Amino acid sequence: MDQVWTLVSFGDEGWGDEIARGTLLTVALALSTLPFGLLLGFFVALAKDSNEPSLKRAAEIFTTIFRGLPELLTLFIVFFGVQILLRQFAELFVENPTIEINSFFAGMVALGLVFSAYASEAFLSAFKGIPSGQYEGGFAVGLTRFQTMRLIILPQLIRLALPALSNLWLILLKDTALVSVIGLADILRQSGIAARVTKEAFLFFGIACLIYLVLAILSSIVLGGIERWAKRGEAAR
Amino acid sequence: MSDITSAPPQVIQPPAPPKAGWTKARIAGHALMGLWIVAGVALVLFLITSYDAEFYDRYTPKFINGFIVTLQIVSLSLIIGAAFSLPLALGRMSRNPLAAVPSYAFVYFFRGTPLIAQTFLIYYGAGSFRDALDSIGLWWFFRDAFNCVVFTFALNTAAYQAEILRGAIQNVAKGQSEAGESLGLSRFLIFRKIVLPQALIVALRPYGNEIVLMIKGSAIASIVTVFDLMGETRRAFSRSFDFQTYIWAAIIYLVMVEVLRRVWDKLEARLTRHLEPDTSAR
């Protein structure tokens, strides 16, 4: 038992600090993907909700692709594909360019694309839950389209989409584990290194799983708080 | 009465005609569609220009093998998972804490942690218990990556399917089982003949989603040296550095998921046709 405590302790002999750094990276990646994914998802939903068929079509193609591809494949395509595209572009100007795409950035883009495809569905069903009288009311008091969206529709939209978005956040948190495959030092990669060096695979991967569980529990608590806050204007039923 | 007839005639305005011409939305829509078309054409051109008979000769059979392995992983995990999920769902609904607490913990663990971490835990972690597994004669099972992957995926999907099943069973109105009781049917018979068939219809859509998730998740098997579709893709890419390997993999996965989704929609429409509101009478 003492040996186990040494292994997970912070410092030179233990792997606690490495894994803690990995945890910070996982959280940072998930948190920085979130705004990008939410914004993109919102605009995709807006396009799907529009009356213009071409806009609708374009948005549906986007969702079909990024909901249908395995997250791992999306990650590889973004990581290698963007690298190849950039290299070919740079070859127009210099010979043998060395371009390496930041794996944090690649992870953020890939996870953000997947997140936004699912988030757009959440936003779309929330849009459907807002009666057209709400828009008409906004126009009737002389608000512009943008003001109506920001002041009247958006607050209701967030409340309606929140349960689905909370779920997507938990999925995003789990999907960040995939970036360990393209070399990002997240929870899973750090514990994988520890497992290989110490030959205590079950211990370290078990710890990794427990950290993900703790992150999920903490998220649920925070999300529950946000949901209560969003519902504060609703009459108790 | 005269004041009614003398009232000013109501002017009924016709509804405003829909905006014709190039609205902002239409411009944006056409631009985006143009972008997709350009991307599609570029993709086809890329596949044509990088056509290489040797590449296809060498990798087509491997891709087919990988595709079959993926199908095996997905179908085996789903079937084994389905078998596990029924007792698990019953455990979740049980009032006995000895059944409810462990099944809750199981479901929470497998739904709350990443599939890739679970796969690592079982595949690499099994090595930590080599002596114990050897002594009960199970080491041969956990030595093989394919078995470990199917084992992990089955446990994972069992947790998800149990929740689907529980939600669907609790969705069946209480009067249904009460009606069964009043007919003097046994609890088992009520569950099998009345509750479960109705629950499965409700569960059809989430089951379809779960199959799609499993197909997508099965790509993780490639990380622990299983040569499924993704594994063959990665191997082909690491040898040829030809990016079309990933493009082909993407096309195959997309077609797989889309075909399943459409077949499933048809299946659901057929199975629930008796629940559709009758539109022919109106």
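Once a new chain begins, its residue numbering starts again from 1 and follows that chain's sequence as written. Chains and ligands are labelled by the order in which they are written, letters from A for the one and numbers from 1 for the other. Given that this is a predicted model, residues contribute local features only at a pLDDT of at least 70 and side-chain atom pairs are listed and counted only at 80 or more, while totals for whole chains, interfaces and linings are drawn from all residues.

Colleague: What exactly am I supposed to notice about the overall build of chain A here?
Modeller: The helix and strand tally for chain A stands at nine helices and zero strands. Mapped from its N terminus to its C terminus, chain A presents α and β elements in the order α-α-α-α-α-α-α-α-α. Summarising its shape, the C-alpha atoms of chain A cover approximately 70 × 60 × 25 Å along the three principal directions. For the exposure call, what matters is how many other C-beta atoms sit within 10 Å of a residue's own: 20 or more marks it buried, 12 or fewer exposed, and in between partly exposed, using C-beta atoms placed from the backbone. The buried share among the 237 residues of chain A stands at 37%. In DSSP terms, a helix is any run of H or I states spanning at least four residues, a strand is any run of E spanning at least two, and both are numbered starting from the N terminus.

Colleague: Even after reading the chapter, I still don't get the overall build of chain B, so can you show me in this structure?
Modeller: Counting its regular elements, chain B contains twelve helices and zero strands. In chain B, the succession of helices and strands from N to C terminus is α-α-α-α-α-α-α-α-α-α-α-α. Here the C-alpha atoms of chain B give a radius of gyration of 28 Å, more than 25% beyond the 19 Å that 2.2 N^0.38 yields for 282 residues. Counting only C-alpha atoms, chain B reaches 105 × 70 × 30 Å along its principal axes. Counting only residues that meet the buried cut, chain B has 29% of its 282 residues in that class. Our contact criterion uses C-beta atoms placed from the backbone: two residues qualify when those atoms are within 7 Å. Long-range contacts, defined here as pairs at least 24 residues apart, represent 74% of the contacts in chain B between residues at least 6 apart. It is over C-alpha atoms that the radius of gyration is taken, and the globule rule equals 2.2 Å times the number of residues to the power 0.38.

Colleague: How should the nonpolar core be read in this particular structure?
Modeller: In this structure, L72, L73, F205 and A208 of chain A together with I116 and A117 of chain B are the most contacted members of the largest nonpolar core, which totals 108 residues. Look past the residues within four positions of L72 of chain A in its chain and what remains in contact with it is L178 and V181 of chain A together with A219, I220 and M230 of chain B. Residues of type Ala, Val, Leu, Ile, Met, Phe, Trp, Tyr and Cys that are buried and joined through C-beta atoms within 7 Å form what is called a nonpolar core.

Colleague: I would appreciate a short explanation of the environment of F191 of chain B in the present structure.
Modeller: Residues and elements named next belong to chain B. Mapping F191 onto the fold places it in helix α10 (residues 187–217). Looking at F191, the number of C-beta atoms within 10 Å reads 16, which means it is partly exposed. Separated by 14 residues in the primary sequence, F191 and S177 have C-alpha atoms spaced 7.7 Å apart.

Colleague: I would appreciate a short explanation of the environment of T33 of chain A in the present structure.
Modeller: Residues and elements named next belong to chain A. With respect to the element layout, T33 can be found in helix α2 (residues 16–49). Distance in space between the C-alpha atoms of T33 and F115 is 8.4 Å, their sequence separation being 82 residues. Those residues in contact with T33 that lie beyond four places of it in its chain are M108, L111, G112, F115 and L172.

Colleague: Hey, could you run me through unusual backbone geometry in this one?
Modeller: Phi is mostly negative for residues that are not glycine, and the peptide bonds are mostly trans. Of note, the phi angle at K199 of chain A is positive, near 65°, even though the residue is not glycine. For K199 of chain A, the position within the fold is in the loop between α8 (187–198) and α9 (201–230). Unusually for a residue other than glycine, F241 of chain B sits at a positive phi of about 50°. With respect to the secondary-structure elements, F241 of chain B resides in the loop between α11 (229–240) and α12 (244–271).

Colleague: How should I be thinking about the packing of helix α3 (residues 53–68) of chain A against helix α5 (residues 103–128) of chain A in this particular structure?
Modeller: Residues and elements named next belong to chain A. Helix axes are fitted to C-alpha atoms over the stretch in contact, other axes to C-alpha atoms as well, and angles between N-to-C directions run from 0 to 180 degrees. Where α3 contacts α5, the axes come no closer than 8 Å and their chain directions differ by 120°. Here α3 is positioned oblique relative to α5, judged by the angle of their axes. When you trace α3 past α5, the crossing you get is left-handed. Here F62, T63, F66 and R67 of α3 lie close against α5, whose contacting residues are L113, V114, A117, Y118, S120 and E121. When describing relative orientation, an angle under 35 degrees is termed roughly parallel and one over 145 degrees roughly antiparallel, while 65 to 115 degrees is termed roughly perpendicular and anything else oblique. By definition, any crossing whose near helix is turned counterclockwise from its far helix by less than a right angle is left-handed, and any crossing with a clockwise turn is right-handed.

Colleague: Explanation requested: the interface of chain B and chain A in the structure shown.
Modeller: Put simply, an interface is often sized by how much accessible area is lost when its parts join up. Counting from both sides, the interface comprises 35 residues of chain B and, opposite them, 37 residues of chain A. By residue number, the principal contributor to the side of chain B that touches chain A is helix α2 (residues 24–49) of chain B, which donates eight residues. The residue inventory of the side of chain B that touches chain A, partitioned by class, reads 24 nonpolar, eight polar and three charged. Side-chain classes follow a simple rule in which Ala, Val, Leu, Ile, Met, Phe, Trp, Tyr, Cys and Pro form the nonpolar group, Asp, Glu, Lys and Arg form the charged group, and the remainder, Gly included, forms the polar group.

Colleague: I would appreciate a short explanation of the environment of L85 of chain A in the present structure.
Modeller: In this fold, L85 of chain A is placed in helix α4 (residues 71–90). Distance in space between the C-alpha atoms of L85 of chain A and W15 of chain A is 38 Å, their sequence separation being 70 residues.

Colleague: Got a minute to help me understand the packing of helix α5 (residues 115–123) of chain B against helix α8 (residues 145–171) of chain B in this structure?
Modeller: In a packed pair of helices, the relevant descriptors are the angle between the two axes and the axis-to-axis distance. Residues and elements named next belong to chain B. Interhelical geometry of α5 versus α8 gives an angle of 130° and a closest axis separation of 9 Å. Here α5 lies oblique to α8, going by the angle between them. Crossing geometry of α5 relative to α8 is assigned as right-handed. Across the interface between the two elements, L115, Q118, T119, I122 and Y123 from α5 touch A145, C148, V149, F151, T152 and N156 from α8. Grouping the amino acids of the contact of α5 with α8 by side-chain chemistry returns seven nonpolar, four polar and no charged.

Colleague: Can you walk me through α9 of chain A in this structure?
Modeller: Since the α-helix turns once every 3.6 residues, residues separated by three or four places project in the same direction. With 30 residues, α9 of chain A should reach 44 Å at 1.5 Å per residue; the first-to-last C-alpha distance of 43 Å fits that figure. Among all positions in α9 of chain A, only A201, F204, F205, I207, A208, C209, I211, Y212 and L215 of chain A are buried. Take the residue count of a helix, subtract one, and multiply by 1.5 Å to get its expected span.

Colleague: What exactly am I supposed to notice about helix α9 (residues 174–182) of chain B here?
Modeller: Counting buried positions along α9 of chain B gives zero out of nine residues, so the element sits mostly on the surface. One or two positions beyond α9 of chain B, positive phi appears at G184 of chain B, with a value near 80°.

Functional significance is not addressed by these values, which are geometric in nature.
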